[in-house]
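Examining the three-dimensional arrangement
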Amino acid sequence: MKKIIFLLSLCLLPLTATAVDLEYKGFYKRLDLIKENNFDLITMGFYLVDTHNRSRCKLTKATMFSKGERAQDIQIADDGQMLVPLSEELYKKQAFLRVTQDDERQSCTLQMQIQAKDKQQTAFTYKQLSNITWQMQELVDEFGSFLWFMMPNVQGLHINIENPSQISFVDIALKPSMSCTNQECKLKIDTENQSEEKALEFISAPIVIAPWIEEH
């Protein structure tokens, strides 16, 4: 039940047209929550994903519109992430984001994903892994507001990589806590471990590091 509540708060709306309009309000509130709580190690990634297989939808353009302002193109990263800015002005002017899909026949849904902010980092200490996980849990609890105690537990990190050979080092003490299948690894994190010793390293940075949510 906890997991269902969490997922409903992050992923939503089936989109079927080539150009879809999304209220900026939802983007702003999530980004502002991260800033307000000084979560410097994590961010919120915004994507459109296929309704059926959850693969990223290819986007051709994303444009922000607001009252009395010139339209502003929003950058789309190589992985399909829409790099939506945090702007109180856009929020006050009731801005909206118009996104154009490459394939008009594809049914896509908006996905908002908590993830590690630094997508270039290749090596992690125990302390860094712990702090990333702790901030993710705090943000999940913030989403629950006064019902924070009903939100799911972040057991650790869900790491997407290109292939298993991308992992160049795993500390022997961490190996029992890590399991990988194809391009996905699950890593259980002890958030009490603040050691500065290197715990994990990759040849190239992971595609994304997201929360590993406790399942019941």
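So, here's what we can say about the structure. Owing to the predicted nature of the structure, the values given are computational and were not obtained by experimental measurement.

1. Focus on the environment of Lys25
- Assignment of secondary structure puts Lys25 in helix α2 (residues 24-36).
- Distance in space between the C-alpha atoms of Lys25 and Leu90 is 8.6 Å, their sequence separation being 65 residues.

2. Comments concerning the sheet that holds strand β11 (residues 178-181)
- Here we have four strands laid out as an open sheet, ordered β11-β12-β9-β14, and antiparallel in their pairing. Each edge of the open sheet is held by one strand with a lone partner, namely β11 and β14 (208-213). Shown here is a sheet whose adjacent strand axes are inclined to one another by a mean of 25 degrees, direction ignored.
- Pairing geometry for strand β9 (residues 154-160) and strand β12 (residues 184-188), over five bridges, is antiparallel. Across the sheet, the residue bridging to Leu157 is Leu187, located in β12.
- Sheet contacts for helix α4 (residues 126-144): β9, β12 and β14; angle to β9, the most-contacted strand, approximately 110 degrees.

3. Observations regarding the state of the cysteines
- Taken as a whole and judged by the stated rule, the model has two disulfides.
- Across the disulfide, Cys57 is cross-linked to Cys108 (sulfur-sulfur distance 2.1 Å). Since a negative S-S torsion denotes a left-handed disulfide, the Cys57-Cys108 link at about -110 degrees is left-handed. In this pair, Cys57 is assigned in the loop between β3 (42-50) and β4 (59-65) and Cys108 in strand β7 (residues 108-116), connecting sequence segments 51 residues apart.
- On the basis of relative accessible area, Cys108 is assigned to the buried category, the value being 0%.
- Residue Cys180 pairs covalently with Cys185 via a disulfide, S to S 2.0 Å. Between Cys180 and Cys185 the sulfur-sulfur dihedral comes to about 110 degrees; the bridge is accordingly right-handed.
- Among the cysteines of the protein chain that take part in disulfides, numbered as they appear in the sequence, the pairing is 1-2, 3-4.

The rules we used
Residues numbered from 1 in each chain as written. Predicted model: local features only at pLDDT ≥ 70, side-chain atom pairs only at ≥ 80, totals over all residues. Heavy atoms only, no water. Helix = DSSP H or I, 4+ residues; strand = E, 2+ residues; numbered from the N terminus. Pairing = 2+ DSSP bridges. Axes fitted to C-alpha atoms, helices over the stretch in contact; angles between N-to-C directions. Contact = heavy atoms within 4.5 Å. Disulfide = S-S within 2.5 Å. Buried < 20%, exposed > 50% of the residue type's maximum accessible area, 1.4 Å probe, protein only.

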